[in-house]
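# Summary of structural features
Spelled out from the first residue to the last, the chains are:
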Amino acid sequence: MMKVINVVGARPNFMKMAPIIEAMNRYPDRFQHLLVHTGQHYDERMSQAFFVDLGMPKPDVDLEVGSGSHAEQTARIMVEFEKVCLRERPDLVIVVGDVNSTMACTITAKKLGIKVAHVEAGLRSRDMAMPEEINRLCTDVLCDYLFTTDHFADENLKAEGVADDKVFFVGNVMIDTLLKHKDMARGLGLMADLGLERGRFATLTLHRPSNVDDPETLGGILSALSEVAKEIPIVFPIHPRTRKMIEQFGLSRFCSTSTSPQGLWMTEPLGYLDFLHLNMHAMMVITDSGGLQEETTVLGVPCITLRHNTERPITCEVGTNFIVGNERAAILRHAMAILRGDVPTGRVPDRWDGRAAERIVDVLARVATAPAAASAQLVLQQ
Ligand code: UD1
């Protein structure tokens, strides 16, 4: 029996971990697993709502670390997670994605001699100004099992000298979750309740520091999008960080908060199912998120990514994603082209087929069967 700690911390982690837990539950004789939530995201709408939508078990442990500077948050996670590892003595820790919780728990576990698996390994934006790029590099260099989503990730790891036998191309767990919930989400009533017409609205998410922490950049983006919003309503479920910045910089004039969508319409963060429902029916999705570039690729919905680079180039190579940067003219040019009906067609990347978690658990059941060494080291270090 292998004892596993599954780690989640922030919103994009939940939909990646849900299918892994489900796949592990199919082998009760092979895995004993605990779910640890670091508490990096803690607002009801950023965290608990996703557990409900995704049918995830309540975390066994909540580290309740909350917000802070990168150093503060990372350090708090490490201090608290170390206590959990020493108490629970897992054989394996599984981390997903690229948030601070991913890196903090990887470093902590490795220093205790515990094996770590990284799901969504090998993604690289080559942009060291992104905190996530630092998290990805630190995590991958330490992990024992690297589960990848596409050939770019495999090539990146190879180029960094990672041994082939640590890398497993399994597909995309986020897409497992999307495919599982797609039909359910399609039938929801939110679009009709909001008075939106299928294919005649856009959705928007914005939260990257490079877009929202500088008044001129954020002002330029909102001003461009308020032009687009003269043509079709843009539903903007707002991240708490972005709301704070819009208020602080006095940019609320670009956004509408009326009771129904019109213009650039700000609303509270949406749950997983409601947001999937809107995205699958939207004319376009405008975002700086990583995950949405992948989800729109599978949904076949045009995606305008407000960044200068992506760690997910597969979504541009085969999908419907455009990397347009964050300058007003480029945003307007691309959005207007889609409004005119100039839309891309894409295809779904290899192994984004709803079975990635199953492959991960199969690999772990097969290869990670020697827990004794890790446990011995753990005892020595106490
Ligand atoms: C984090 C991840 C980012 C991911 C994003 C998804 C890192 C470095 N960043 O960014 O990769 O794309 O999550 O949302 O790990 N806040 C709340 N309530 C919450 C959470 C955050 O009000 O539940 C506010 C706080 O003011 C906080 C700020 O948002 O300081 C930023 O939160 P943080 O977790 O540091 O980073 P995100 O911007 O959410």
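We now turn to the structure provided with this report. From a predicted model like this one, the values you see are computed outputs, not experimental measurements.

Quick look at the overall build of the protein chain now. For the protein chain, the helix and strand inventory stands at 17 helices and 13 strands. Taken over the C-alpha trace, the protein chain has a radius of gyration of 21 Å; the compact-globule value for 382 residues is 21 Å, and the two agree within 12%. The principal-axis extent of the C-alpha atoms belonging to the protein chain is close to 65 × 40 × 40 Å. When burial is assessed residue by residue, the protein chain has 59% of its 382 residues classed as buried. Expressed as a percentage of contacts within the protein chain between residues at least 6 apart in sequence, the contacts between residues at least 24 apart total 71%. Between the mean site of the 40 positive side-chain charges and the mean site of the 49 negative ones, the protein chain shows a separation of 1 Å.

Further remarks concern the sheet that holds strand E13 (residues 321–323). Sheets are built from strands paired through backbone hydrogen bonds, the pairs being either parallel or antiparallel. Spatially, the six strands line up as an open sheet ordered E10-E9-E8-E11-E12-E13, and their pairing is parallel. On the outer flanks of this sheet lie strand E10 (264–267) and E13, each paired with one strand and no other. If you compare each strand with its neighbour and ignore which way they point, the axes differ by 20° on average. Bridge count between strand E8 (residues 202–205) and strand E9 (residues 234–237): two bridges; the pairing is parallel. Within E9, the position partnered with Thr203 by the bridge is Val235.

Once that is clear, we can look at the sheet that holds strand E5 (residues 115–119). The seven strands lie next to each other as E3-E2-E1-E4-E5-E6-E7, forming an open sheet whose pairing is parallel. Only two strands of the sheet have a single partner each, and these edge strands are strand E3 (61–62) and strand E7 (167–169). Where strand E2 (residues 31–37) and E3 come together, two bridges link them in parallel fashion. Bridge assignment links His37 to a residue of E3, and that residue is Asp62. Against the sheet, helix H4 (residues 100–111) touches strand E1 (2–8), strand E4 (92–96) and E5, its axis set at about 160° to E4.

Moving on to unusual backbone geometry. Apart from glycine, the bulk of residues carry a negative phi angle, and the bulk of peptide bonds sit in the trans form. A positive phi angle is found at Glu120, which is not glycine, with a value near 90°. Mapped onto the fold, Glu120 is located in the loop between E5 and helix H5 (131–142). The backbone of Arg126 shows a phi angle near 60°, a positive value even though the residue is not glycine. Take Arg126: it is sitting in the loop between E5 and H5.

Further remarks concern helix H1 (residues 11–25). Helical geometry: 3.6 residues make up each α-helical turn, so side chains three or four residues apart lie on a common side. For H1, which comprises 15 residues, the first-to-last C-alpha distance of 22 Å matches the rise-based estimate of 21 Å (1.5 Å per residue) to within 8%. Helix geometry: H1 is bent most strongly at Met17, by close to 30°, with proline Pro19 lying one to four residues after it. Within H1, eleven of the 15 residues are buried, leaving the element largely enclosed by the surrounding structure. Within the span of H1, buried status applies to Asn13, Phe14, Met15, Lys16, Met17, Ala18, Pro19, Ile20, Ile21, Ala23 and Met24.

Turning to the site of the ligand, a few remarks are in order. Around the ligand, the surrounding shell holds 19 residues, and the nearest of these are Gln40, His41, Asn100, Glu132 and Lys244. Here an oxygen atom of the ligand sits 2.9 Å away from a polar atom, N or O, in the main chain of Asp43. Take His239: an N or O atom from its side chain is 2.9 Å from an oxygen atom of the ligand. Computed on the free molecule, the ligand has an accessible area of 740 Å², of which 88% lies beneath the protein chains in the complex. Here the element with the most residues in the shell around the ligand is helix H11 (residues 240–248); it accounts for three residues. By residue class, the composition of the shell around the ligand is six nonpolar, eight polar and five charged.

Let us look at the nonpolar core. Met17, Ile20, Met56, Ile94, Phe147 and Leu364 are the most contacted members of the largest nonpolar core, which has 62 residues in total. Contact partners of Ile94, with chain neighbours within four places excluded, come to Val4, Ile5, Asn6, Val7, Met17, Ile20, Met24, Ala117, Val119 and Leu364. Leu218, Leu222, Leu264 and Ile286 belong to the second-largest nonpolar core, a separate cluster that totals 33 residues.

Turning our eyes to something else, we now look at the packing of aromatic side chains. Across all of its chains, the model carries four aromatic pairs by this definition. Measuring from ring centre to ring centre gives 5.0 Å for Phe14 and Phe51, while their planes differ by 55°; the resulting arrangement is tilted. Taken together, the residues Phe14 in helix H1 and Phe51 in helix H2 (residues 48–54) connect sequence positions 37 residues apart. When the centroid spacing of 5.5 Å and the interplanar angle of 35° are considered together, the rings of Phe147 and Phe168 count as tilted. Residue Phe147 is found in strand E6 (residues 145–148), and its partner Phe168 is found in strand E7; the two are separated by 21 residues along the sequence. Of the two residues, Phe147 and Phe168, neither departs from the other in class, the shared state being buried. Every member of this aromatic cluster is reached through a ring pair, and the members are Phe14, Phe50 and Phe51.

With five of five residues buried, E4 lies mostly within the body of the structure. What you see with E4 is no split at all: Leu92, Ile94 and Val96 on one side and Val93 and Val95 on the other are buried throughout. Pairing analysis gives five bridges linking E4 to E5, with the strands arranged parallel. What sits directly across from Val96, in E5, is Val119. In this fold, E4 hands off to H4, which returns the chain to E5; that crossover is right-handed.

Criteria and thresholds
- Residues numbered from 1 in each chain as written.
- Predicted model: local features only at pLDDT ≥ 70, side-chain atom pairs only at ≥ 80, totals over all residues.
- Heavy atoms only, no water.
- Helix = DSSP H or I, 4+ residues; strand = E, 2+ residues; numbered from the N terminus.
- Rg over C-alpha atoms; globule rule 2.2 N^0.38 Å.
- Buried < 20%, exposed > 50% of the residue type's maximum accessible area, 1.4 Å probe, protein only.
- Contact = heavy atoms within 4.5 Å.
- Lys, Arg positive; Asp, Glu negative; His and termini not counted.
- Charge placed at Lys NZ, Arg CZ, Asp CG, Glu CD.
- Pairing = 2+ DSSP bridges.
- Axes fitted to C-alpha atoms, helices over the stretch in contact; angles between N-to-C directions.
- Expected span 1.5 Å × (residues − 1).
- Bend = angle between axes of the 7 residues up to and from the residue.
- Near = heavy atom within 4 Å.
- Polar contact = N/O pair within 3.5 Å; in protein donor to acceptor, adjacent residues only side chain to side chain.
- Areas by Shrake-Rupley, 256 points an atom, 1.4 Å probe, with all protein chains shown as cover.
- Nonpolar A, V, L, I, M, F, W, Y, C, P; charged D, E, K, R; others polar.
- Core = buried A, V, L, I, M, F, W, Y, C linked by side-chain atoms within 4.5 Å.
- Phe/Tyr/Trp six-rings, centres within 6.5 Å; stacked < 30°, edge-to-face > 60°.
- Right-handed = clockwise from strand over helix to strand, strands pointing away.

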